[in-house]
Each structure stands twice: as C-alpha cells, then as structure tokens.
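Report on the structure
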Amino acid sequence: MAALFLGSFLALAGFLVHVAIWRRRRPRSSGSSLIKIFISTIATGTIVAAAAFFVFPSARAGLPAHLGDWIQAVTLALALAAAYVLTYPAIEVESPTLLLAELFDATGAQGLTRSELHRRLGNDVLVRPRVQDMLDEKLVELSGPRYLLTPKGRALGALFVAWRTCLRASRGG
Amino acid sequence: MATHFYWILMVGCACVTCITVHVTSSRLLPHQGTYRSFAAGSVAGLAALAALSATMHASAASHLVNLTIYLCFVYVFFHFNNMGETARRIRLIGELLDEPNGLTYVELVARYNAREIIDRRIDRMVGSGQLRIEGERFVAAQSSFLMMAHCMRLLKRILNVPPA
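A short tour of the structure in this document, coming up. Please read these numbers as outputs of a predicted model, since none were measured by experiment. Each residue is numbered by its place in its chain's sequence as written, counting from 1. Key to labels: chains lettered from A, ligands numbered from 1, both in the order written. Residue-level local features of this predicted model are given only where pLDDT is at least 70; pairs of side-chain atoms are given and counted only at 80 or more, and the full residue set underlies all totals for whole chains, interfaces and linings.

Notes on the sheet that holds strand β3 (residues 146-149) of chain A
To keep it simple, the criterion reads: The criterion for strand pairing is that DSSP finds at least two bridges linking the strands in question. Helix and strand definitions follow DSSP, with helices as H or I runs of at least four residues and strands as E runs of at least two, each counted in order from the N terminus. For the purpose of contact definition, each residue receives a C-beta atom placed from its backbone, and two residues are in contact when these atoms lie within 7 Å. For helices, the fitted line uses only the C-alpha atoms of the stretch in contact; every axis is such a line through C-alpha atoms, and the angle between N-to-C directions lies from 0 to 180 degrees.
Taken in spatial order, the 3 strands of this open sheet run β2(A)-β3(A)-β1(B), and their pairing is antiparallel. Single-partner strands in this sheet number two, and they are β2 (140-143) of chain A together with β1 (103-104) of chain B. Taken together, the 4 bridges between β2 of chain A and β3 of chain A define a ladder with antiparallel strand orientation. Bridge pairing links S143 of chain A to R146 of chain A in β3 of chain A. Sheet strands in contact with helix α4 (residues 88-97) of chain B are β2 and β3 of chain A together with β1 of chain B, and its direction is about 95° off that of β3 of chain A.

Overview of the interface of chain B and chain A
Which entries qualify depends on this criterion: All amino acids are sorted into three groups, where Ala, Val, Leu, Ile, Met, Phe, Trp, Tyr, Cys and Pro are nonpolar, Asp, Glu, Lys and Arg are charged, and the leftover types, Gly among them, are polar.
Listed by partner, the interface residues are 70 residues for chain B and 74 residues for chain A. Looking at the side of chain B that touches chain A element by element, the count peaks at 14 residues for helix α3 (residues 60-86) of chain B. Classifying every residue of the side of chain B that touches chain A by side-chain character gives 41 nonpolar, 15 polar and 14 charged. Alignment of β3 of chain A against β1 of chain B, held across 2 bridges, turns out to be antiparallel. By the bridge assignment, Y147 of chain A is partnered in β1 of chain B with L103 of chain B.

Notes on the environment of S42 of chain B
Here is the rule we go by: Partly exposed residues are those whose C-beta has more than 12 but fewer than 20 other C-beta atoms within 10 Å; 20 or more makes a residue buried and 12 or fewer makes it exposed, with C-beta atoms placed from the backbone.
The topology assignment puts S42 of chain B in helix α2 (residues 33-54). C-beta crowding within 10 Å serves as the criterion here: with 22 such atoms nearby, S42 of chain B is assigned to the buried category.

Side note on the sheet that holds strand β3 (residues 137-140) of chain B
Across the sheet, which stays open at both edges, the 3 strands sit in the order β1(A)-β3(B)-β2(B) with antiparallel pairing between neighbours. This sheet does not close on itself; its edge strands, each paired only once, are β1 (112-113) of chain A together with β2 (131-134) of chain B. Looking at chain direction, β1 of chain A and β3 of chain B are connected through 2 bridges and run antiparallel. Within the sheet, the bridge partner assigned to L112 of chain A lies in β3 of chain B and is F138 of chain B. Those strands touched by helix α4 (residues 96-107) of chain A are β1 of chain A together with β2 and β3 of chain B, and its axis lies near 95° from that of β3 of chain B.

Shown next, in the form of structure tokens:
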C-alpha cells in the first residue's frame, strides 16, 4: 500500500509543480521542460522521503519497507508521469480530431460536408502551428526559407520510420 | 528479500508480451490495421500479467500497482503507435527526412496539408463509428471524442493555455 501511495503522491507532486510553472509562464520548449519537471520532482520527492525514512523512525510506517517496494513506487510515479507527458501535446495544440468533434457537436443534426470542413480548417490552423512547434522544440531549423531537420528531428524521424517498417505499416498522418 | 523484486519480472514479461504480440500480429495480418493488432497485444500482455500474478503471493495493493504500471505502459505504447499513425509532426518530419536539402513551407504543405489531415480523420471517424454519413454530410454519431475534447478544454483552463 505504501508503494501505491508514494508513487501516486510523487506523480501528483510533479503535476502540481507543472501547473504552478505553467500558470506563471509557459516555457517555450514545453515538451522537454515537462519531462525535466516530472523527473526532477520525482527524484527530489524520493530523496526527501528516503531521508525521512532514515531520520524519522515514526515516518517508516507510511513508507515502503524494502528496496524493491521503493523501486516499484518510483516506477509507478514515472509511469504515471510518462502517461501524462504523452497526453500533453493534445492539450497545448489543437488536435484535429477533437476540433472536428467539437465542430460536429456545434452543427448538430445538420452536420458538415467535406468542403465545408476544408473551408473552416485550413493550413494556418492545422499545419503552421505544428511547424512552429517543431522549430520551438528544435526538431527543425530554418536555413533561409527552407526547413531542415536538426539531428534531434532526424533521430526522432528515424525511430518512427524504423518502428513503422517493423510493423509493415504505411506512412501515417 | 528477492520476492520484493518479482514485480519487475512480472510487469516486464507483460510489457514484452504486449509488444511481441502487437508486432507479430501486425506483420502477419497487415490488413487488420495497427489499432487491432495493438489491442491484441494489450490483451495478451494483460493475460500474462494476470497469470504471473496468480502464481505470486503479494498484497492486493502491490498487484494494483503492477496493474497500474502495466496500464500506463499500454497507454504510453498506444500513444507511441498513434503518433506514428496520426501525428502531424511525425508526418512532417517524415517528409523532411526524404529531402536532405529541406523544404520551404509552400513545398511542405504541397506534400501534406489541411485537406489531407481532414480527409484522413473523417475517414477514421466514420470507420470507428464516431460519424455517420447522410448524403454528402457527416453527422456526429457518438460523443466519446467530444468528451475527450471537453477534458482537454478543462486542462487548458487549469494550465492557462490559450486556445490556438
């Protein structure tokens, strides 16, 4: 039970630090900042809890008793953090699918045709913000008017190409 | 002492089973699509975790932690697969990978643009029963994506993220 509570608490602490920082000023490179926030909060929380375990015998009742349980708690915290980090892009940028769901809800039984959707959602809504994100995250860089992949962008692209090839899947989008 | 580390083996086996069944099923039955093979992998991993949990004496809370870690893995793995399947950034990076000299914005949107993004999603939403077709019009048939959209709006408000 202690591993469950400690792991959940560490992940929650990371989320609260993230909310506090974002409400003050959202970092430009939000994805990598989010990863750093969760890892540093979980690491700090674990060190503080471990220190409490050794310094205050009364705190031991609420903390994991064995090393394996401590690792389990930290793994749980990191797993919850990873799940949130992968959800985050859908919060920051408009997901086309969720935008479509809202548009269809707004039009009700009348619905929409493909051409009406093409008129409402153009490249400035669906493509340009993502290209800007790629610049902010240093996945691409501008050389005059041309976008070039950075080593980080090339590595990310190679990873997904390799995975899709392994699955025998076509190019997504 | 060693029993306190068994959970690593159990969760590790469940994750490896999930990946193995997903990859095997996707390669052997490519027509069924990424999502079905992913679902098969997730269920197989869960079955492996349940079978291993049955052989180990541990508290209910410990089993719950293992299950939560495995479910987080499945969620992360789903997103990883989904990024390859639907993410605009990954697709744009894929287009740029093909061009060592890079592309201008105009060249980029000539290869991948809002029209294709919408058409692919409409087809997926119709395929998954989220939309139904009435003549030339598409009408919402289910509200699960709308609920997700509301959750995202709520998180945007909590985080003070302005609408794009």
